[in-house]
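Next come the chains, spelled out residue by residue.
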Amino acid sequence: MAAQQAPLGAPGQTPEDWAAFAAHAEQGIAALRETVARQRQQADWGSRPCDEKQFALLIGAVSAMRRVPGIEGHPGFEGLHHCPTEEQSAQVRQHLSRMFGITDLESLVELGNELFGAGNEYEQFMSFWQGEPIFDEGELNEGGKLAFGSCKRFAEIFRPLVGDGGFHAWDYNERIGLLRSACACGIIDEAQFWALALEMAQCARLLYPDWEAYALSCLCGAAYFMFHESEFDLGEARRFFDLNCRLVQNLFTENPVWAHHAYGW
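In this text the structure is predicted, and so the values were computed from the model without any measurement. (Residues numbered from 1 in each chain as written. Predicted model: local features only at pLDDT ≥ 70, side-chain atom pairs only at ≥ 80, totals over all residues. Heavy atoms only, no water.)

Caption draft 1: Spotlight on the overall build of the protein chain. Of the regular secondary structure elements, the protein chain holds 12 helices and 0 strands. Beginning at the N terminus, the succession of helices and strands in the protein chain can be written as α-α-α-α-α-α-α-α-α-α-α-α. Against the 2.2 N^0.38 benchmark of 18 Å for 265 residues, the protein chain shows a C-alpha radius of gyration of 19 Å, consistent with a compact globule. Seen through its principal axes, the protein chain has C-alpha atoms that stretch 55 × 45 × 30 Å. For the protein chain, the proportion of its 265 residues judged to be buried stands at 49%. Of the roughly 12400 Å² of accessible surface on the protein chain, 50% is carried by carbon and sulfur atoms. The average position of the 19 basic charges and that of the 37 acidic charges among the side chains of the protein chain differ by 5 Å. (Helix = DSSP H or I, 4+ residues; strand = E, 2+ residues; numbered from the N terminus. Rg over C-alpha atoms; globule rule 2.2 N^0.38 Å. Buried < 20%, exposed > 50% of the residue type's maximum accessible area, 1.4 Å probe, protein only. Areas by Shrake-Rupley, 256 points an atom, 1.4 Å probe, with all protein chains shown as cover. Lys, Arg positive; Asp, Glu negative; His and termini not counted. Charge placed at Lys NZ, Arg CZ, Asp CG, Glu CD.)

Caption draft 2: Focus on the confidence of the model for the protein chain. Model confidence for the protein chain is summarised by a mean pLDDT of 95, while 97% of its residues fall at 70 or above. Predicted confidence is poor over residues 2-6, with pLDDT under 50, and the contacts of this stretch with residues over four places away or in other chains come to 9 contacts. (pLDDT = per-residue confidence, 0-100. Contact = heavy atoms within 4.5 Å.)

Caption draft 3: Highlighting the pattern of salt bridges. Counted according to the given criterion, the structure contains 7 salt bridges. In this structure, Arg33 and Glu212 form a salt bridge, with 3.4 Å as the shortest nitrogen-oxygen distance. Remark: Glu212 occurs in helix α10 (residues 211-229) and Arg33 occurs in helix α1 (residues 15-40); sequence separation between them is 179 residues. Residue classification places Arg33 among the partly exposed positions, given a relative accessible area of 38%. A relative accessible area of 16% means that Glu212 is categorised as buried. A salt bridge links Glu142 to Lys145; the nearest nitrogen and oxygen atoms lie 3.7 Å apart. With Glu142 and Lys145 both in helix α7 (residues 142-162), this residue pair falls 3 residues apart, about one helical turn. (Salt bridge = Lys/Arg side-chain N within 4 Å of Asp/Glu carboxyl O.)

Caption draft 4: Expanded view of unusual backbone geometry. Positive phi is not limited to glycine here, since Glu231 has a value of about 60°. Residue position: Glu231 is located in the loop between α10 and α11 (234-250). Since its relative accessible area comes to 60%, Glu231 is described here as exposed. The phi dihedral of Phe232 falls on the positive side, at around 75°, and the residue is not glycine. Within the element layout of this structure, Phe232 appears in the loop between α10 and α11. Under the relative-accessibility criterion, Phe232 is labelled buried at 12%.

Caption draft 5: A look at the packing of aromatic side chains. Counted by the stated rule, this structure contains 34 aromatic pairs. A centroid spacing of 4.8 Å and a plane angle of 85° characterise the contact between Phe193 and Trp194, whose relative ring orientation is edge-to-face. One exposure class covers both Phe193 and Trp194, and it is buried. Its end group placed over the ring of Trp265, Arg205 keeps NZ or CZ at 4.0 Å from the ring centre. (Phe/Tyr/Trp six-rings, centres within 6.5 Å; stacked < 30°, edge-to-face > 60°. Lys NZ or Arg CZ within 6 Å of the ring centre and 35° of its normal.)

Caption draft 6: Spatial organisation of helix α6 (residues 118-129). Here α6 contains 12 residues, and its C-alpha end-to-end distance of 16 Å stays within 8% of the 16 Å for a straight helix at 1.5 Å per residue. By the burial criterion, the buried members of α6 are Ala118, Gly119, Tyr122, Phe125, Met126, Ser127, Phe128 and Trp129. Check the buried side of α6 and you find it contacts α7, α8 (168-184) and α10. Downstream of α6 by a residue or two, Gly131 has a phi angle that is positive, lying close to 80°. (Expected span 1.5 Å × (residues − 1).)

Caption draft 7: Spotlight on the layout of surface pockets. By volume, the largest pocket amounts to about 590 Å³. Those elements giving two or more residues to the lining of the largest pocket turn out to be α3 (61-64), α4 (86-100), α8 and α10. Ranked by the residues each element gives to the lining of the largest pocket, the list is headed by α8, at 6 residues. Quantified by volume, the second largest pocket comes out at close to 250 Å³. Together, Leu108, Val109, Gly112, Asn113, Tyr172, Arg175, Leu178, Leu179, Leu196, Glu199, Met200 and Cys203 line the second largest pocket. For the lining of the second largest pocket, the secondary-structure elements that each account for two or more residues are α5 (105-115), α8 and α9 (190-207). Here the lining of the second largest pocket is built from residues that sort into 8 nonpolar, 2 polar and 2 charged. (1 Å grid on protein atoms, 1.4 Å probe; cavity = no way out; pocket = protein on both sides within 12 Å on 5 of 7 lines; lining within 4 Å. Points joined across faces, edges and corners; volume = space filled by probe spheres on them. Nonpolar A, V, L, I, M, F, W, Y, C, P; charged D, E, K, R; others polar.)

What follows is the structure, given as structure tokens:
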């Protein structure tokens, strides 16, 4: 992984802290890749074809493992889940409103754009890494310089792994999860769900060659998301990385939907 310079980040962080995080992330990713390599040797690797709708649900597989009040059990990947009672629908609506301010299609799309833009931010960083910056960093105020510089340096840790694919997989995963919850409780209908979800599925199919690349982007994007949201706390980023590393591993092992299904359609 990329070597770290003297860090920006939260007060009190040292170059050793950054190096320790990078080493920890490297170990976790190496373990994940070893798991995927073993699974690739199995006869049922990629044996189940997907259509575009199932693929759209599968790219949200990490978010589908989280419990949502009002949705009992796992929503599955064969179709969309709908709450069987109004009481359960109300629980989901209350959860989406309280946690995210989502009450309708407009607020759902707006929240997704605001909260899950790690892939777009990575593309901004790429413009700097490639020597063609899309804006002048010097025009930022001191707070902006700290935020942008810290996030750019953190993202660079994962650059050798994710390359041009960046962190878009994390954004797709999270947005699919929100869309599924919104559809389950009637905030949006199935037609609205598929219009948004299939667009992301097409982008994912073109951007990543296989489930391993998609998984790496999702995992690295998760770490970046928490680093950003926690105001550059490496400890929080590490804990969220570890949590999502276990979830991603699960999708190749205990609940091997990524191991068993073909990538794309």
